[in-house]
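# A look at the structure
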Amino acid sequence: MKVGQITGPGRIALIDADEPRPPRDGETLVVAETGCLCGSDIPFFSEPQQSYPLTPGLSLHEIVGRVTSSASPSFRAGDRVLAMPVGLLGCAEQLLVADNRLVPVDEALSNEAAVISQPMATVLSALSVVPNVIGLTVAVVGQGPIGQLFNVCLSRAGAARVIGVDVRDTRVARSCEFGATDAVVAREPGGRDAIDRVREITGGAMADLVVEAVGHEEQQFNLATALARNKGRVLYFGIPPDRLNDVAFEPVVRKSLTIHTSVPDDLRPFVKIAMRAIRQGHLNPERLITHRFGFADLQKAFETYRDRAGMKVVLTFRTLHMD
């Protein structure tokens, strides 16, 4: 079978690998059909690592496929599933996955709709750790795919205002399509213009809740805390680097801010909620997906997502023949 392997900074290749062993207790063998790239996949691809090549299969964890064999009482051959492999080792045509990392897919959902339920579930999970958002003013820093999903979920949950903030005009231009009431471009260093604009929008009150949906090397902790009102909250969703440099922590103390983080123990309940929301029309996945590639074009797919050329990038595995 074919497996993706990162061979150097900005380079990923398709290599031949042995097929997985037969499933053991609680495991299933899944043939991948559709995958979706995520921001957490890109650091492996774009940031220098200690040694190359990296582990085959890095990095993909949003996958829809079919069970071909199962040693789990919960799944049987032919079931369509959303797979979330441990360690992001899902960039392969066939996957051996524990049943606690699988969610059945309703046949009413397309593969693309089902795969979008995974990132939407992470947003729902994150929002579950903060108090009720009904009537609140929320600023969402970062208007990539995750930020747009926050816009959708917050607006549906009853937030009074949802202010999308990003440095890229093309992304901010789409914020209101996904439920934001206001959209702000941050062009000045430190987002000074965005801070002024949010102050204007809120009549000086600032945001009750700020979501940091950027993370990684472009994290915006300082901007998030600056946008929060006194005794407000910051939901730090974006996965940061190992260390945050030049963090201004004094505003956290002086404003008595509450900082929330969210890494769920079990995402499956939220995936089911996301699937239901998509099935009921609360989100049209077609609006979020901007690029589609076959698995043979893995390099181009990763480059496109790294360069933020659009929103979600989908991979179709079936373009490669499996013997």
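So, here is what we can say about the structure in this document. (Residues numbered from 1 in each chain as written. Predicted model: local features only at pLDDT ≥ 70, side-chain atom pairs only at ≥ 80, totals over all residues. Heavy atoms only, no water.)

The next thing to look at is the packing of aromatic side chains. For the coordinates displayed, the defined rule picks out four aromatic pairs. With 5.2 Å between their ring centres and 85° between their planes, Phe 150 and Phe 237 make a pair best called edge-to-face. Of the two residues, Phe 150 sits in helix H3 (residues 145-157) while Phe 237 sits in the loop between strand S12 (228-236) and helix H7 (250-254), which places them 87 residues apart along the sequence. Summarising the burial analysis for this pair, Phe 150 and Phe 237 share the class buried. Judged by centre distance (6.0 Å) and plane angle (35°), the rings of Phe 221 and Tyr 236 are tilted. A residue pair is termed long-range when its members are at least 10 positions apart, and Phe 221 in helix H6 (residues 221-227) and Tyr 236 in strand S12 qualify at 15 residues. (Phe/Tyr/Trp six-rings, centres within 6.5 Å; stacked < 30°, edge-to-face > 60°. Helix = DSSP H or I, 4+ residues; strand = E, 2+ residues; numbered from the N terminus. Buried < 20%, exposed > 50% of the residue type's maximum accessible area, 1.4 Å probe, protein only.)

The subject of this paragraph is the sheet that holds strand S11 (residues 207-212). One open sheet accounts for six strands, arranged S10-S9-S8-S11-S12-S13; its pairing is parallel. Looking at the sheet topology across the chains shown, the edges are occupied by strand S10 (182-185) and strand S13 (258-261). Ignoring which end each strand starts from, the neighbouring axes of this sheet average 20° apart. Along the sheet face, H3 touches strand S8 (137-141), strand S9 (161-166), S11 and S12 and points at about 165° away from the line of S8. (Pairing = 2+ DSSP bridges. Axes fitted to C-alpha atoms, helices over the stretch in contact; angles between N-to-C directions. Contact = heavy atoms within 4.5 Å.)

Applying the stated criterion across every chain yields a total of 22 salt bridges. Its salt-bridge partner being Asp 182, residue Arg 161 comes within 3.0 Å of it at the nearest N-O pair. Linking Arg 161 in strand S9 with Asp 182 in strand S10, this pair joins segments that are 21 residues apart in sequence. The partly exposed category is assigned to Arg 161, whose relative accessible area is 30%. Arg 197 is paired through a salt bridge with Glu 200; the nearest N and O atoms lie 3.3 Å apart. Of this pair, Arg 197 and Glu 200 are both found in helix H5 (residues 192-201), three residues apart, which corresponds to roughly one turn of the helix. By relative accessible area, which is 34% here, Arg 197 ends up partly exposed. (Salt bridge = Lys/Arg side-chain N within 4 Å of Asp/Glu carboxyl O.)

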